[in-house]
Amino acid sequence: MPRAYIEAHGQRPARSKFRPSDALDNTNDPSLLTAAARNRAAGASPYKVLHYMNFSDLGLTPELLRAVAEKGYAAPTPIQSRAIPAVLAGRDVLAGAQTGTGKTAAFVLPILQKLGNPSGRAPRALVLTPTRELAAQIAESARAYGRYVGIRTVVVFGGVGIHPQIEALRRGCDLLVATPGRLKDFLAEGCVSLSEVSFAVLDEADRMLDKGFEEDIKLILGSCPPREKRQTLMFTATWPTSVRGLAEGFMVNPVKVTIGNRTRAGGDENGAGNGTVELQANSRIEQKIEAVDPRAKEQRLLELLREAQKGSGKNDRILVFCLYKKEAIRVEQFLQKRGMRVASIHGDLRQDQRTRSLESFKAGTTTVLVATDVAARGLDIPEVKLVINVTVSCTHH
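Every chain begins its residue count from 1, and numbering advances along the sequence as written. Selection of residues for local features in this predicted model requires a pLDDT of at least 70, selection of side-chain atom pairs for listing and counting requires 80 or more, and totals for whole chains, interfaces and linings are taken over all residues. With hydrogens and water excluded, all non-hydrogen atoms of the structure serve as input to the side-chain values.

Visitor: So what's going on with the overall build of the protein? Residues and values would help.
Guide: Going along the chain from the N terminus, every DSSP run of H or I of four or more residues is numbered as a helix, and every run of E of two or more is numbered as a strand. Regarding its fold elements, the protein presents 13 helices and 15 strands. Any residue under 20% of the maximum accessible area for its type is buried, any over 50% is exposed, and the rest in between are partly exposed; the area is computed with a 1.4 Å probe on protein chains only. Considering the protein as a whole, with its 397 residues, one finds that 49% of them fall into the buried category. Contacts are residue-level and defined by heavy atoms, with any inter-residue pair within 4.5 Å sufficient. Pairs at least 24 apart in sequence give 71% of the contacts found in the protein among residues at least 6 apart.

Visitor: Could you give an account of the nonpolar core, naming the residues involved and the relevant values?
Guide: In this text, buried Ala, Val, Leu, Ile, Met, Phe, Trp, Tyr and Cys residues form a nonpolar core when linked through side-chain atoms within 4.5 Å. Ranked by size, the top nonpolar core spans 43 residues in total, and within it I79, F107, L109, L175, V177, L233 and F235 carry the most contacts. Not counting residues up to four positions away in its chain, the partners in contact with L233 are V87, R91, D92, V93, F107, I111, A200, V201, L202 and M251. V154, L183, V192 and M251 belong to the second largest nonpolar core, which has 30 residues in total.

Visitor: Residue-level account of the pattern of salt bridges, with values.
Guide: The salt bridge definition used is simple: a Lys or Arg side-chain nitrogen within 4 Å of an Asp or Glu carboxyl oxygen. Using the criterion set out here, one finds 17 salt bridges in the structure. With a closest N to O distance of 3.2 Å, E214 and K218 form a salt bridge. Here E214 and its partner K218 are both found in helix α9 (residues 214-222), four residues apart, which amounts to about one turn of the helix. Residue E214 is classed as partly exposed on the basis of its relative accessible area, which comes to 26%. A residue is classified by how much of its surface remains accessible, and K218, at 36% relative accessible area, is partly exposed. E228 is paired through a salt bridge with R227; the nearest N and O atoms lie 3.6 Å apart. Accessibility expressed as a relative area gives 59% for E228, which makes it exposed. Salt bridges linked by common partners bring R66, E70 and R147 together as one network.

Visitor: So, the sheet that holds strand β3 (residues 125-128): which residues are in play, and what are the values?
Guide: Taken together, seven strands build an open sheet; the order of strands is β4-β5-β3-β6-β7-β2-β8 and the sheet is parallel. A strand with exactly one partner marks an edge of an open sheet, and here the two such strands are β4 (153-156) and β8 (255-258). Taken over all neighbouring pairs, the strand axes of this sheet differ in orientation by 15 degrees on average, direction set aside. We treat two strands as partners when DSSP finds at least two bridges between them. Note: β3 against strand β6 (residues 199-203), four bridges, orientation parallel. Within β6, the position partnered with V127 by the bridge is V201. To obtain an axis, a line is fitted to C-alpha atoms, over the contacting stretch when the element is a helix, and the angle between two such axes runs from 0 to 180 degrees between their N-to-C directions. Packing against the sheet, helix α5 (residues 132-145) makes contact with β3, β4, β5 (175-178) and β6, and its axis sits at approximately 175 degrees to β4.

Visitor: Which residues make up the environment of R66, and what are the values?
Guide: Relative to the assigned elements, R66 resides in helix α2 (residues 62-70). With 79 residues separating them along the chain, R66 and Y145 place their C-alpha atoms 8.7 Å apart.

Visitor: Before we move on, could you go through the packing of aromatic side chains and cite the residues and values that matter?
Guide: Classification of ring pairs rests on two measures: the distance between centres of Phe, Tyr or Trp rings, Trp counted by its six-membered ring, which must be within 6.5 Å, and the angle between planes, read as stacked under 30 degrees, edge-to-face over 60 and tilted in between. Taken as a whole, this structure holds three aromatic pairs when the rule is applied. Considering the side-chain rings of F107 and F235, the 5.2 Å spacing of their centres and the 50 degrees angle between planes classify their relative orientation as tilted. Separated by 128 residues along the polypeptide, F107 in helix α4 (residues 103-115) and F235 in strand β7 (residues 231-236) bring together distant segments of the chain. Judged on exposure class, the residue F107 and its partner F235 are both buried. Taken together, the ring pairs connect F55, Y73 and Y145 into an aromatic cluster. Between the NZ or CZ atom of R66 and the centre of the ring of Y148, over which it lies, the distance is 3.9 Å. In this analysis the charged atom, NZ for Lys or CZ for Arg, is taken to sit over a ring once it is within 6 Å of the ring centre and within 35 degrees of the ring normal.

Visitor: Please provide a residue-by-residue account of the side chain of K297, values included.
Guide: By the secondary structure assignment, K297 is in helix α11 (residues 297-308). When charges are counted, Lys and Arg are positive and Asp and Glu negative, with His and the chain ends excluded. Here K297 sits buried without a salt bridge, and the closest side chain of opposite charge, E327, lies 4.8 Å off (N-O distance). When neighbours within four sequence positions are excluded, K297 is seen to be in contact with V292, V390 and T391.

Visitor: Describe unusual backbone geometry, naming the residues involved and giving the relevant values.
Guide: Residue E204 is not a glycine yet carries a positive backbone phi of 50 degrees. Within the secondary structure, E204 sits in the loop between β6 and α8 (205-210). Residue classification places E204 among the buried residues on the basis of a relative accessible area of 1%. Positive phi, normally seen in glycine, also occurs at N253, with a value near 45 degrees. As for its placement among the helices and strands, N253 is situated in the loop between α10 (241-248) and β8. A relative accessible area of 57% places N253 in the exposed class.

Visitor: Any chance you could break down helix α3 (residues 78-88) for me, citing the residues and the numbers?
Guide: With ten of eleven residues buried, α3 lies mostly within the body of the structure. Against β2 (93-96), α4, β7 and β8 lie the buried residues of α3. One or two positions beyond α3, positive phi appears at G90, with a value near 90 degrees.

Written out as C-alpha coordinates, the structure is:
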(Lines give C-alpha, C1' and ligand atoms only; values in the text may rest on other atoms or scores of the structure.)
Protein backbone atom coordinates (compact mmCIF):
# COMPACT_ATOMS: atom_id res chain seq x y z
CA MET A 1 0.00 0.00 0.00
CA PRO A 2 2.06 2.97 -1.20
CA ARG A 3 2.12 6.01 1.03
CA ALA A 4 3.26 9.43 -0.10
CA TYR A 5 4.30 12.00 2.47
CA ILE A 6 4.32 15.50 1.00
CA GLU A 7 7.25 17.45 2.41
CA ALA A 8 7.17 21.16 3.13
CA HIS A 9 9.80 23.35 1.51
CA GLY A 10 10.44 26.64 3.23
CA GLN A 11 13.15 28.05 0.96
CA ARG A 12 12.47 29.87 -2.27
CA PRO A 13 14.85 29.17 -5.17
CA ALA A 14 17.53 31.75 -5.75
CA ARG A 15 16.66 34.56 -8.15
CA SER A 16 18.34 34.61 -11.51
CA LYS A 17 20.68 37.51 -12.28
CA PHE A 18 19.66 37.70 -15.92
CA ARG A 19 17.86 40.72 -17.23
CA PRO A 20 14.07 40.86 -17.76
CA SER A 21 14.58 41.24 -21.51
CA ASP A 22 15.99 37.72 -21.60
CA ALA A 23 12.68 36.12 -20.61
CA LEU A 24 12.63 33.86 -23.65
CA ASP A 25 16.19 32.65 -23.37
CA ASN A 26 14.99 29.32 -21.98
CA THR A 27 13.90 27.94 -25.35
CA ASN A 28 16.03 26.48 -28.10
CA ASP A 29 14.03 28.36 -30.75
CA PRO A 30 15.99 31.33 -32.18
CA SER A 31 12.74 33.03 -33.25
CA LEU A 32 11.84 33.46 -29.59
CA LEU A 33 15.11 34.93 -28.44
CA THR A 34 15.50 38.59 -27.77
CA ALA A 35 18.21 40.51 -29.64
CA ALA A 36 20.49 40.38 -26.60
CA ALA A 37 19.95 36.66 -26.27
CA ARG A 38 20.69 36.06 -29.95
CA ASN A 39 23.93 37.99 -29.62
CA ARG A 40 25.02 35.86 -26.68
CA ALA A 41 23.88 32.65 -28.37
CA ALA A 42 26.03 33.49 -31.39
CA GLY A 43 29.11 33.77 -29.18
CA ALA A 44 31.21 31.06 -27.62
CA SER A 45 29.89 31.35 -24.06
CA PRO A 46 26.72 29.42 -23.19
CA TYR A 47 23.89 31.00 -21.22
CA LYS A 48 21.79 29.50 -18.48
CA VAL A 49 18.07 28.82 -18.63
CA LEU A 50 16.15 31.57 -16.88
CA HIS A 51 13.64 29.99 -14.52
CA TYR A 52 12.86 32.66 -11.92
CA MET A 53 11.95 36.32 -12.29
CA ASN A 54 9.21 38.72 -11.31
CA PHE A 55 5.80 38.40 -12.92
CA SER A 56 6.31 41.95 -14.15
CA ASP A 57 9.31 40.73 -16.15
CA LEU A 58 7.05 38.47 -18.22
CA GLY A 59 5.33 41.37 -19.98
CA LEU A 60 1.92 40.97 -18.32
CA THR A 61 -0.42 43.96 -18.11
CA PRO A 62 -0.87 45.93 -14.85
CA GLU A 63 -4.39 44.53 -14.49
CA LEU A 64 -3.16 40.95 -14.57
CA LEU A 65 -0.22 41.74 -12.30
CA ARG A 66 -2.64 43.23 -9.77
CA ALA A 67 -4.75 40.07 -9.80
CA VAL A 68 -1.66 37.87 -9.48
CA ALA A 69 -0.44 39.89 -6.50
CA GLU A 70 -3.82 39.53 -4.81
CA LYS A 71 -3.52 35.76 -5.21
CA GLY A 72 -0.30 35.98 -3.18
CA TYR A 73 2.05 34.73 -5.90
CA ALA A 74 5.56 35.98 -5.13
CA ALA A 75 7.35 34.82 -8.28
CA PRO A 76 6.53 32.70 -11.33
CA THR A 77 7.22 28.98 -11.19
CA PRO A 78 9.56 27.43 -13.79
CA ILE A 79 6.67 26.33 -16.01
CA GLN A 80 5.17 29.84 -15.86
CA SER A 81 8.43 31.65 -16.57
CA ARG A 82 9.06 29.44 -19.60
CA ALA A 83 5.56 29.04 -21.06
CA ILE A 84 4.07 32.52 -20.63
CA PRO A 85 6.61 34.29 -22.91
CA ALA A 86 6.14 31.61 -25.59
CA VAL A 87 2.34 31.98 -25.55
CA LEU A 88 2.61 35.77 -25.63
CA ALA A 89 4.96 35.40 -28.63
CA GLY A 90 2.18 33.60 -30.50
CA ARG A 91 3.66 30.09 -30.40
CA ASP A 92 2.04 26.72 -29.83
CA VAL A 93 3.30 25.16 -26.59
CA LEU A 94 3.74 21.51 -25.64
CA ALA A 95 4.50 21.55 -21.91
CA GLY A 96 5.03 18.91 -19.28
CA ALA A 97 5.34 19.54 -15.55
CA GLN A 98 4.29 17.87 -12.35
CA THR A 99 0.92 18.63 -10.81
CA GLY A 100 1.17 21.55 -8.42
CA THR A 101 3.71 23.54 -10.46
CA GLY A 102 1.32 26.26 -11.62
CA LYS A 103 0.29 25.02 -15.07
CA THR A 104 -3.11 26.76 -14.96
CA ALA A 105 -1.63 30.24 -14.59
CA ALA A 106 0.94 29.37 -17.27
CA PHE A 107 -1.76 29.24 -19.93
CA VAL A 108 -4.60 31.33 -18.48
CA LEU A 109 -2.59 34.50 -17.84
CA PRO A 110 -1.17 34.94 -21.38
CA ILE A 111 -4.51 33.98 -22.95
CA LEU A 112 -6.34 36.61 -20.89
CA GLN A 113 -3.80 39.19 -22.00
CA LYS A 114 -4.05 38.30 -25.69
CA LEU A 115 -7.86 38.22 -25.65
CA GLY A 116 -7.92 41.89 -24.70
CA ASN A 117 -11.41 43.26 -24.15
CA PRO A 118 -14.68 41.26 -24.16
CA SER A 119 -15.96 40.79 -27.70
CA GLY A 120 -19.02 39.13 -29.22
CA ARG A 121 -20.90 36.10 -27.94
CA ALA A 122 -18.86 33.15 -29.23
CA PRO A 123 -15.85 31.93 -27.20
CA ARG A 124 -12.43 33.01 -28.44
CA ALA A 125 -10.48 30.69 -26.14
CA LEU A 126 -11.24 27.08 -25.24
CA VAL A 127 -9.81 24.99 -22.40
CA LEU A 128 -10.59 21.26 -22.36
CA THR A 129 -10.11 19.19 -19.20
CA PRO A 130 -10.80 15.54 -18.37
CA THR A 131 -12.84 16.05 -15.17
CA ARG A 132 -15.63 18.27 -13.90
CA GLU A 133 -13.70 19.24 -10.78
CA LEU A 134 -10.68 20.38 -12.77
CA ALA A 135 -12.91 22.35 -15.16
CA ALA A 136 -14.54 24.17 -12.25
CA GLN A 137 -11.13 24.87 -10.68
CA ILE A 138 -9.68 26.32 -13.89
CA ALA A 139 -12.76 28.53 -14.41
CA GLU A 140 -12.47 29.80 -10.84
CA SER A 141 -8.80 30.65 -11.39
CA ALA A 142 -9.54 32.35 -14.73
CA ARG A 143 -12.17 34.57 -13.09
CA ALA A 144 -9.74 35.49 -10.32
CA TYR A 145 -6.89 36.29 -12.73
CA GLY A 146 -9.22 38.20 -15.05
CA ARG A 147 -11.18 40.18 -12.50
CA TYR A 148 -9.73 43.49 -13.71
CA VAL A 149 -9.84 42.83 -17.45
CA GLY A 150 -13.54 42.01 -17.89
CA ILE A 151 -13.03 38.71 -19.73
CA ARG A 152 -16.16 36.54 -19.50
CA THR A 153 -15.47 32.95 -18.43
CA VAL A 154 -18.06 30.17 -18.75
CA VAL A 155 -17.62 26.57 -17.60
CA VAL A 156 -19.64 23.61 -18.90
CA PHE A 157 -19.51 19.99 -17.73
CA GLY A 158 -21.78 17.03 -17.19
CA GLY A 159 -23.55 15.88 -14.07
CA VAL A 160 -25.57 19.10 -13.72
CA GLY A 161 -28.47 20.70 -15.58
CA ILE A 162 -27.75 22.01 -19.06
CA HIS A 163 -30.08 25.04 -19.10
CA PRO A 164 -28.03 27.38 -16.84
CA GLN A 165 -24.94 26.57 -18.92
CA ILE A 166 -26.77 27.23 -22.20
CA GLU A 167 -28.05 30.53 -20.85
CA ALA A 168 -24.54 31.55 -19.78
CA LEU A 169 -23.25 30.82 -23.29
CA ARG A 170 -26.05 32.87 -24.84
CA ARG A 171 -25.12 35.87 -22.70
CA GLY A 172 -21.64 35.84 -24.25
CA CYS A 173 -18.38 34.08 -23.49
CA ASP A 174 -14.72 34.91 -24.15
CA LEU A 175 -13.08 31.96 -22.39
CA LEU A 176 -14.86 28.59 -22.35
CA VAL A 177 -13.71 25.84 -19.98
CA ALA A 178 -15.28 22.46 -20.71
CA THR A 179 -15.15 18.71 -20.40
CA PRO A 180 -15.22 16.94 -23.77
CA GLY A 181 -18.53 15.08 -23.32
CA ARG A 182 -20.70 18.07 -22.44
CA LEU A 183 -19.09 20.29 -25.07
CA LYS A 184 -19.60 17.63 -27.74
CA ASP A 185 -23.31 17.52 -26.81
CA PHE A 186 -23.59 21.31 -27.02
CA LEU A 187 -21.92 21.31 -30.44
CA ALA A 188 -24.36 18.66 -31.68
CA GLU A 189 -27.31 20.74 -30.43
CA GLY A 190 -25.97 23.97 -31.95
CA CYS A 191 -25.73 25.61 -28.51
CA VAL A 192 -22.21 26.93 -29.07
CA SER A 193 -19.92 27.77 -31.98
CA LEU A 194 -16.15 27.36 -31.87
CA SER A 195 -15.54 29.19 -35.15
CA GLU A 196 -13.98 32.19 -33.35
CA VAL A 197 -11.57 30.21 -31.17
CA SER A 198 -8.05 31.61 -31.34
CA PHE A 199 -6.65 29.58 -28.43
CA ALA A 200 -7.28 25.88 -27.80
CA VAL A 201 -5.87 24.35 -24.61
CA LEU A 202 -5.77 20.70 -23.58
CA ASP A 203 -5.05 20.46 -19.85
CA GLU A 204 -3.97 17.07 -18.51
CA ALA A 205 -3.67 16.28 -22.20
CA ASP A 206 -2.15 12.83 -21.78
CA ARG A 207 -5.11 11.63 -19.78
CA MET A 208 -7.63 12.99 -22.27
CA LEU A 209 -5.85 11.45 -25.22
CA ASP A 210 -5.00 8.20 -23.48
CA LYS A 211 -8.31 7.53 -21.70
CA GLY A 212 -10.86 7.48 -24.47
CA PHE A 213 -11.27 11.18 -25.32
CA GLU A 214 -9.26 11.05 -28.54
CA GLU A 215 -12.23 11.04 -30.93
CA ASP A 216 -14.06 13.71 -28.92
CA ILE A 217 -10.98 15.94 -29.03
CA LYS A 218 -10.61 15.48 -32.78
CA LEU A 219 -14.26 16.44 -33.26
CA ILE A 220 -13.96 19.48 -31.00
CA LEU A 221 -10.70 20.76 -32.49
CA GLY A 222 -12.16 20.11 -35.94
CA SER A 223 -14.92 22.57 -35.03
CA CYS A 224 -12.30 25.26 -34.32
CA PRO A 225 -10.39 27.19 -36.97
CA PRO A 226 -7.50 25.24 -38.56
CA ARG A 227 -4.41 24.76 -36.43
CA GLU A 228 -2.54 27.30 -38.58
CA LYS A 229 -5.08 29.96 -37.55
CA ARG A 230 -5.13 29.28 -33.81
CA GLN A 231 -2.67 28.72 -30.99
CA THR A 232 -2.81 25.23 -29.51
CA LEU A 233 -1.42 24.65 -26.02
CA MET A 234 -1.05 21.31 -24.29
CA PHE A 235 -0.20 21.11 -20.60
CA THR A 236 0.21 17.89 -18.69
CA ALA A 237 1.83 16.29 -15.67
CA THR A 238 3.16 13.32 -17.69
CA TRP A 239 3.78 12.77 -21.37
CA PRO A 240 4.16 9.18 -22.64
CA THR A 241 5.78 8.96 -26.06
CA SER A 242 2.71 7.31 -27.58
CA VAL A 243 0.68 10.39 -26.74
CA ARG A 244 3.29 12.97 -27.69
CA GLY A 245 3.20 12.03 -31.37
CA LEU A 246 -0.58 12.25 -31.51
CA ALA A 247 -0.62 15.55 -29.65
CA GLU A 248 1.89 17.14 -31.99
CA GLY A 249 -0.47 16.37 -34.87
CA PHE A 250 -2.78 19.04 -33.47
CA MET A 251 -0.04 21.70 -33.34
CA VAL A 252 2.24 23.80 -35.52
CA ASN A 253 5.96 23.68 -34.63
CA PRO A 254 5.31 23.81 -30.88
CA VAL A 255 7.75 25.13 -28.32
CA LYS A 256 8.53 22.16 -26.07
CA VAL A 257 8.87 22.82 -22.36
CA THR A 258 9.62 20.09 -19.83
CA ILE A 259 10.03 20.84 -16.13
CA GLY A 260 11.60 18.11 -13.99
CA ASN A 261 13.84 15.14 -14.66
CA ARG A 262 13.00 12.31 -17.02
CA THR A 263 14.81 9.35 -18.51
CA ARG A 264 14.26 7.13 -21.51
CA ALA A 265 13.66 3.41 -21.24
CA GLY A 266 16.81 1.42 -21.79
CA GLY A 267 18.86 4.58 -21.61
CA ASP A 268 21.14 6.49 -19.32
CA GLU A 269 20.87 9.55 -17.12
CA ASN A 270 21.30 11.79 -20.17
CA GLY A 271 18.06 10.52 -21.66
CA ALA A 272 19.48 8.29 -24.39
CA GLY A 273 17.50 5.14 -24.98
CA ASN A 274 14.75 3.59 -27.05
CA GLY A 275 12.59 6.70 -27.16
CA THR A 276 10.04 5.88 -24.48
CA VAL A 277 9.81 8.60 -21.82
CA GLU A 278 9.74 6.91 -18.43
CA LEU A 279 8.02 8.43 -15.40
CA GLN A 280 10.12 8.94 -12.29
CA ALA A 281 9.11 9.10 -8.66
CA ASN A 282 8.79 12.62 -7.31
CA SER A 283 11.92 13.24 -5.27
CA ARG A 284 9.99 15.58 -2.94
CA ILE A 285 7.74 12.75 -1.76
CA GLU A 286 8.70 9.91 0.53
CA GLN A 287 7.07 6.75 -0.79
CA LYS A 288 6.56 3.45 1.02
CA ILE A 289 5.04 0.14 -0.03
CA GLU A 290 3.40 -2.16 2.47
CA ALA A 291 2.09 -5.61 1.54
CA VAL A 292 -0.95 -6.75 3.52
CA ASP A 293 -3.49 -9.54 3.38
CA PRO A 294 -6.40 -8.27 1.20
CA ARG A 295 -8.82 -9.23 3.98
CA ALA A 296 -6.95 -7.01 6.44
CA LYS A 297 -6.45 -4.05 4.12
CA GLU A 298 -9.22 -1.81 5.45
CA GLN A 299 -8.28 -2.42 9.07
CA ARG A 300 -4.67 -1.54 8.26
CA LEU A 301 -5.88 1.61 6.52
CA LEU A 302 -7.76 2.61 9.66
CA GLU A 303 -4.61 2.06 11.74
CA LEU A 304 -2.56 4.25 9.41
CA LEU A 305 -5.14 7.03 9.49
CA ARG A 306 -5.40 7.00 13.28
CA GLU A 307 -1.63 6.97 13.60
CA ALA A 308 -1.28 9.94 11.21
CA GLN A 309 -4.01 11.96 12.90
CA LYS A 310 -3.07 11.48 16.52
CA GLY A 311 -1.96 14.38 18.70
CA SER A 312 -1.16 17.58 16.83
CA GLY A 313 -2.01 15.89 13.54
CA LYS A 314 -5.66 15.29 14.39
CA ASN A 315 -6.80 17.74 11.71
CA ASP A 316 -4.30 16.74 9.05
CA ARG A 317 -5.87 16.17 5.66
CA ILE A 318 -5.36 12.73 4.09
CA LEU A 319 -6.23 11.53 0.58
CA VAL A 320 -7.16 7.87 0.14
CA PHE A 321 -7.23 6.59 -3.45
CA CYS A 322 -9.23 3.54 -4.50
CA LEU A 323 -9.11 1.83 -7.86
CA TYR A 324 -12.85 1.31 -8.33
CA LYS A 325 -16.06 3.11 -7.40
CA LYS A 326 -17.37 0.13 -5.40
CA GLU A 327 -14.13 -0.01 -3.46
CA ALA A 328 -14.36 3.72 -2.68
CA ILE A 329 -17.94 3.32 -1.42
CA ARG A 330 -16.97 0.35 0.76
CA VAL A 331 -13.93 2.12 2.24
CA GLU A 332 -15.88 5.31 2.97
CA GLN A 333 -18.63 3.37 4.76
CA PHE A 334 -16.04 1.37 6.72
CA LEU A 335 -14.33 4.56 7.93
CA GLN A 336 -17.59 6.37 8.69
CA LYS A 337 -18.73 3.54 10.98
CA ARG A 338 -15.49 3.91 12.91
CA GLY A 339 -15.85 7.61 13.55
CA MET A 340 -13.59 9.08 10.87
CA ARG A 341 -14.49 12.46 9.33
CA VAL A 342 -14.61 11.18 5.76
CA ALA A 343 -16.12 12.15 2.41
CA SER A 344 -15.72 10.72 -1.07
CA ILE A 345 -15.48 11.59 -4.75
CA HIS A 346 -16.26 9.02 -7.44
CA GLY A 347 -18.30 8.59 -10.58
CA ASP A 348 -21.49 7.32 -8.90
CA LEU A 349 -22.01 10.60 -7.04
CA ARG A 350 -23.99 13.54 -8.39
CA GLN A 351 -21.90 16.58 -9.24
CA ASP A 352 -23.28 18.59 -6.31
CA GLN A 353 -22.24 15.76 -3.96
CA ARG A 354 -18.76 15.64 -5.45
CA THR A 355 -18.43 19.42 -5.15
CA ARG A 356 -19.54 19.39 -1.48
CA SER A 357 -17.07 16.61 -0.68
CA LEU A 358 -14.18 18.46 -2.28
CA GLU A 359 -15.02 21.81 -0.67
CA SER A 360 -15.44 20.18 2.74
CA PHE A 361 -12.02 18.56 2.40
CA LYS A 362 -10.35 21.77 1.24
CA ALA A 363 -11.86 23.65 4.18
CA GLY A 364 -10.71 20.99 6.66
CA THR A 365 -14.23 20.14 7.82
CA THR A 366 -13.60 16.66 6.48
CA THR A 367 -10.09 15.36 7.12
CA VAL A 368 -10.16 12.21 4.98
CA LEU A 369 -11.17 12.17 1.31
CA VAL A 370 -11.70 8.81 -0.38
CA ALA A 371 -11.46 9.15 -4.16
CA THR A 372 -11.06 7.33 -7.42
CA ASP A 373 -8.79 8.77 -10.10
CA VAL A 374 -11.20 11.67 -10.76
CA ALA A 375 -9.21 13.47 -8.04
CA ALA A 376 -5.79 12.13 -8.99
CA ARG A 377 -4.66 14.81 -11.42
CA GLY A 378 -4.64 18.56 -11.61
CA LEU A 379 -6.73 19.49 -8.58
CA ASP A 380 -5.34 22.11 -6.22
CA ILE A 381 -5.85 20.65 -2.75
CA PRO A 382 -3.58 22.43 -0.27
CA GLU A 383 -2.13 21.10 2.97
CA VAL A 384 -2.48 17.40 2.19
CA LYS A 385 -0.11 15.61 4.57
CA LEU A 386 -0.53 12.02 3.48
CA VAL A 387 -1.73 10.11 0.41
CA ILE A 388 -2.63 6.43 0.65
CA ASN A 389 -3.34 4.16 -2.33
CA VAL A 390 -5.52 1.34 -1.03
CA THR A 391 -5.02 -0.54 -4.30
CA VAL A 392 -2.07 -0.08 -6.62
CA SER A 393 -3.25 2.13 -9.47
CA CYS A 394 -3.26 1.00 -13.09
CA THR A 395 -2.58 4.57 -14.24
CA HIS A 396 0.11 7.19 -13.60
CA HIS A 397 -0.74 9.94 -11.08
